[in-house]
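Spelled out, the chains give:
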Amino acid sequence: MRIRAVRPDELPVLQDIERAAGRLFADIGMPEIAEDEPLPLDELARYHHAGLAWVLVDDADAPIAYLIADRVDGNLHVEQVSVHPDSARRGIGRSLLDHLAAHATREGVPALTLTTFGEVPWNAPYYARCGFALLDGGGLTPGLRKIREREAAHGLDRWPRVCMRRAL
């Protein structure tokens, strides 16, 4: 498995990966999440330009998964990590998270953070197996609080949401 920076011409592929991965939510009673559109190309381009967008590619150098991150309160925040369902359960998501952790360590960043669904098996329970710990309300930084406010405004609080942190 090879991880590299995403190329600008691959941004639409990231949207395709996100749509395919999102369809799994329909199977667990979350059709609104399954139907939610991925980030627009201009927003994905912002991650590319910031140097915070990576893809994991197959043998033909085609992306099969991606991760984008933001800088939030001195940490790197996992904005999105998605693996195409045809390539799931192969350690690909964990490889991308470990790649981000190595990048953060090189930059002297103390932790990775993320927000996710608390009860979806491939969300919070998965991230816990990848070294992330739940944050209680007192552990939320101002930036994480703003992210949670945006998520709530987008309707994501219909299902339990959590913030998590992985110390580096």
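Residues numbered from 1 in each chain as written. Predicted model: local features only at pLDDT ≥ 70, side-chain atom pairs only at ≥ 80, totals over all residues. Heavy atoms only, no water.

**Student:** Please provide a residue-by-residue account of unusual backbone geometry, values included.
**Tutor:** Although it is not a glycine, D61 adopts a positive phi angle of roughly 65°. Checked against the element boundaries, D61 lands in the loop between β2 (53-57) and β3 (63-72). A relative accessible area of 22% means that D61 is categorised as partly exposed. The phi torsion at D73 lies on the positive side, around 55°, for a residue other than glycine. Residue D73 is classed as partly exposed on the basis of its relative accessible area, which comes to 42%. (Helix = DSSP H or I, 4+ residues; strand = E, 2+ residues; numbered from the N terminus. Buried < 20%, exposed > 50% of the residue type's maximum accessible area, 1.4 Å probe, protein only.)

**Student:** Lay out a nonpolar patch on the surface in plain terms, naming residues and giving numbers.
**Tutor:** On the surface, L24, I28 and W122 cluster together into a nonpolar patch covering about 230 Å² of accessible area. Overall, the relative accessible area of 32% leaves W122 in the partly exposed class. (Patch = residues over 30% accessible without salt bridge, like charges linked within 9 Å, V, L, I, M, F, W, Y side chains within 5 Å. Areas by Shrake-Rupley, 256 points an atom, 1.4 Å probe, with all protein chains shown as cover. Salt bridge = Lys/Arg side-chain N within 4 Å of Asp/Glu carboxyl O.)

**Student:** Kindly report on the environment of E43, identifying the contributing residues and their values.
**Tutor:** On the secondary structure map, E43 appears in helix α3 (residues 41-49). In this structure E43 comes out as partly exposed when scored by relative accessible area, which is 33%. Linking E43 and R23, residues 20 residues apart in sequence, is a C-alpha distance of 21 Å.

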